[in-house]
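# Descriptive structure summary
What follows is the residue order along each chain.
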Amino acid sequence: MATMNCLRVITHPFQNQLTRVLGTWLVMIGLLVAVDKSQAANPTWTNTTSDVWQSTTAWDTAPSFPAPGDTVNFTNPATYSATLISDVLGLTSLFFDNTIGTQVLTLNLGTNSLNVVGSGTSPGPFYVGGQAAGATAIVYLVSSTGAGKGLFVTNSTNNSKFVIGRNNPGRLFVTNGNVTANNLALGSSTAGIGVLVLSGTNTYWSNSGSVGMGNSSTSYGCTLVVSNSASMTCAGAFKLGFGITASSGIVLLDSGGRLFTTAAGTAVGGTPVSTNNTATVQGGAIWDNGGKDFTVGSATFATNNTLVIGTASMLTNTSVVALSAKNTLNLQGGVLQTFGIFTNSGTVRGFGTIDGNTIAASAGLLAPGNGTTVGQIADTSSLTFASGSTTLIKLDKGQATSNDSVNVIGTASYGGTLTVTNVGAGLTGGDTFKIFSAGTASGDFSSTNLPALDPSVTWDTSQLHTQGILSVVFLPVPPGIVNLTNQAVNVGVSVVISATVTGIPTPTLQWQENSTNIANTSSTVSISSAQPGDTGIYCLIA
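None of these values were measured; they are calculated from a predicted model.

Secondary structure assignment for the protein chain yields two helices and 47 strands. A globule of 542 residues ought to have a C-alpha radius of gyration of about 24 Å, yet the protein chain, at 41 Å, is considerably larger. For the C-alpha atoms alone, the extent of the protein chain along its principal axes is close to 190 × 45 × 40 Å. Residues counted as buried form 46% of the 542 residues belonging to the protein chain. The contacts in the protein chain between residues at least 6 apart in sequence include a share of 70% that link residues at least 24 apart. As presented, the protein chain carries roughly 23,600 Å² of accessible surface, and 58% of it is formed by carbon and sulfur atoms. For the protein chain, the separation between the mean place of its 15 positive charges and that of its 19 negative charges on side chains is 23 Å.

Ordered by their spatial adjacency, three strands build an open sheet running β45-β44-β47, and the pairing between neighbours is antiparallel. Because the sheet does not close on itself, it has two edges, and the strands there are β45 (516–517) and β47 (538–541). When strand β44 (residues 510–513) meets β45, the two strands line up antiparallel, connected through two bridges. Residue pairing for β45: Glu513 is matched across the bridge by Thr516.

Our next topic: the nonpolar core. One finds Trp53, Phe74, Phe162 and Trp205 to be the most contacted residues of the largest nonpolar core, which totals 90 residues. Excluding its chain neighbours within four sequence positions, the residues that come into contact with Trp205 are Phe162, Leu172, Val174, Val179, Ala181, Leu184, Leu196, Leu198, Ser231, Met232 and Thr233. Ile497, Ala499, Ile527 and Tyr538 belong to the second largest nonpolar core, which has 10 residues in total.

Secondary-structure assignment places Gln131 in the loop between β9 (126–128) and β10 (136–142). Linking Gln131 and Leu470, residues 339 residues apart in sequence, is a C-alpha distance of 63 Å. The contacts of Gln131, once residues within four sequence positions are left out, are Asp97, Arg166, Asn167 and Asn168.

With that settled, consider the packing of aromatic side chains. Under the defined criterion, the tally for this structure stands at 20 aromatic pairs. Considering the side-chain rings of Trp287 and Phe294, the 5.1 Å spacing of their centres and the 80° angle between planes classify their relative orientation as edge-to-face. By the burial criterion, Trp287 is buried, and Phe294 matches it. Chaining the aromatic ring pairs together yields one cluster made of Trp45, Trp53, Trp59, Phe74, Tyr80, Phe96, Phe126, Phe162 and Trp205. Here the guanidinium or amino end of Arg166 rests over the ring plane of Tyr127, the centre of that ring lying 5.5 Å away.

With that settled, the discussion passes to the sheet that holds strand β40 (residues 469–474). Strand order in the open sheet formed by three strands is β36-β40-β39, with antiparallel pairing between adjacent strands. Every interior strand has two partners, whereas the edge strands, β36 (432–434) and β39 (457–460), have only one. In this sheet, neighbouring strand axes are inclined to one another by 15° on average, regardless of whether the strands run parallel or antiparallel. Relative to β40, β36 runs antiparallel, the two being bridged by three bridges. Bridged to Thr432 within β40 is Ser471.

This part is about the pattern of salt bridges. Evaluated as defined, the whole model comprises three salt bridges. The salt bridge involving Lys149 is made with Asp87; its shortest N-O contact spans 2.9 Å. Of this pair, Lys149 sits in the loop between β10 and β11 (151–153) while Asp87 sits in the loop between β4 (79–83) and β5 (88–91), and the two are 62 residues apart along the sequence.

Its volume calculated, the largest pocket comes out at about 410 Å³. What lines the largest pocket is a set of 19 residues, and nearest its centre among them are Gln487, Ile497, Asp534, Gly536 and Tyr538. Residues belonging to the lining of the largest pocket are distributed by class as follows: 11 nonpolar, seven polar and one charged.

Another aspect to go through is the pairing of strand β18 (residues 223–227). Burial analysis of β18 places five of its five residues in the buried class, the great majority of the element. With burial as the criterion, each face of β18 is covered, one bearing Thr223, Val225 and Ser227 and the other bearing Leu224 and Val226. Bridging between strand β15 (residues 194–199) and β18 involves five bridges; their strand directions are parallel. What sits directly across from Val195, in β18, is Thr223. Pairing analysis gives four bridges linking β18 to strand β21 (residues 250–253), with the strands arranged parallel. Each bridged residue has a counterpart across the sheet, and for Val226 the counterpart in β21 is Leu253.

This brings us to the side chain of Gln512. Note that Gln512 resides in strand β44. A polar atom in the side chain of Gln512 sits 2.9 Å from the side chain of Asn517. With sequence-adjacent residues up to four places away left out, Gln512 is seen in contact with Asn517, Ile518, Ile537, Tyr538, Cys539 and Ile541.

Okay, the environment of Gly310 next. Structurally, Gly310 can be placed in strand β26 (residues 306–310). When near neighbours in sequence (up to four residues on either side) are disregarded, Gly310 contacts Val281, Gln282, Gln332, Gly333 and Gly334.

The rules behind these values
- Residues numbered from 1 in each chain as written.
- Predicted model: local features only at pLDDT ≥ 70, side-chain atom pairs only at ≥ 80, totals over all residues.
- Heavy atoms only, no water.
- Helix = DSSP H or I, 4+ residues; strand = E, 2+ residues; numbered from the N terminus.
- Rg over C-alpha atoms; globule rule 2.2 N^0.38 Å.
- Buried < 20%, exposed > 50% of the residue type's maximum accessible area, 1.4 Å probe, protein only.
- Contact = heavy atoms within 4.5 Å.
- Areas by Shrake-Rupley, 256 points an atom, 1.4 Å probe, with all protein chains shown as cover.
- Lys, Arg positive; Asp, Glu negative; His and termini not counted.
- Charge placed at Lys NZ, Arg CZ, Asp CG, Glu CD.
- Pairing = 2+ DSSP bridges.
- Core = buried A, V, L, I, M, F, W, Y, C linked by side-chain atoms within 4.5 Å.
- Phe/Tyr/Trp six-rings, centres within 6.5 Å; stacked < 30°, edge-to-face > 60°.
- Lys NZ or Arg CZ within 6 Å of the ring centre and 35° of its normal.
- Axes fitted to C-alpha atoms, helices over the stretch in contact; angles between N-to-C directions.
- Salt bridge = Lys/Arg side-chain N within 4 Å of Asp/Glu carboxyl O.
- 1 Å grid on protein atoms, 1.4 Å probe; cavity = no way out; pocket = protein on both sides within 12 Å on 5 of 7 lines; lining within 4 Å.
- Points joined across faces, edges and corners; volume = space filled by probe spheres on them.
- Nonpolar A, V, L, I, M, F, W, Y, C, P; charged D, E, K, R; others polar.
- Polar contact = N/O pair within 3.5 Å; in protein donor to acceptor, adjacent residues only side chain to side chain.

Here it is in structure tokens:
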């Protein structure tokens, strides 16, 4: 009995101790799970249908959904939507990166915020269109319009990178709300083609850093559209054609869109070999350059880059505007405004207004109109035609405005070469064309090339410098009088004495009867009911 009692005494404490140890293990295991859950994860959306972001079944981490610190992935090559029902803050990264096919995702923030705070530039904490060849990612973003709400891809060091089109095509369409980013890159790596479209009155994009389009040397066709009264602000350098050989990029401001670039370094064709990039401002849109310099074609080999400004649209608030050789400003009814100097070493064509002092530099071409259609280019300040520049003017009497023209409100300082071509019907004496007008004029063209004319006419350039007028005049022809013949008539018969008169300019005529002037300066003398006293010698003098 004593032994048995002893055994029970020993056994009981052991069981209690074991229970305490197991209990401790259970508590420790619970803490380990909690700590692991607090670490960053990589949740991936697995639904092939639409759902809310905070769904307990939509993610591969179900029943959990993304938490602060996570890297979030959307990879489904399907068409679907994800909708926020509350704020999603503090994500490290957000990638729309399907490896095959095409992903079309509508991301609806509702009235909430989506915040990505990761750092780095390669690939950056946010990208649409990842690394797999042959795949395309398309995202339609419906952001929030509330104060302090929207999509934020930013961090405290201002080095966060928002990428559209990394190694394959990526497209982002923002149809509503606010987006705030540090730096934006369209087409950031090999074969990356990025497209960003901002559309709608309540769509606002704010960039605290730079915008680089064609961010890789092999990028092409990257596109930014700001339309339908949407607006974008870039506080860093803005370059269309950012990579060394990036090409065929497009910026389109249309239908009341607004672009504000407020730092030095705005360029279309932004690197030495960046080619065939086009920026178009049309449909009442405005590009405000924040009082900074603006360049089209940054260097000698950055060629075939074009800035187009359409009707009721303008590039405004620029300091110095430089158009490099083999690049083009195409005015289509719009206004280029600068409070500094616009230097044209390339080609200015079309019709519209330059509001500022302009220099047509050596090798620069000024060519009003489009194709064979004539047009006028106006300058509200001064225009200097430097030695080596060329001005090309077209004539066409068949058009409502018969010729191209250049209208300078201030001083026109002529120089270089004037070349005039006739694209309409043949020219004849009496044709007059006003091709220049200026408040004041100085200098003269060093050479003038005019169209060939019929041998009977010639050019009159006597008013070109003072009035800007070119005229076609007939060549002088000495007066000639033929077909005068003697006449014998009966008394009472009416007589007509007439002659054929030639000469350029048309000669002044005077008849004489028996060496005395009579009141007749036409080529014909008529005598009604001739009488003996009318007998005599009638002479026509020209």
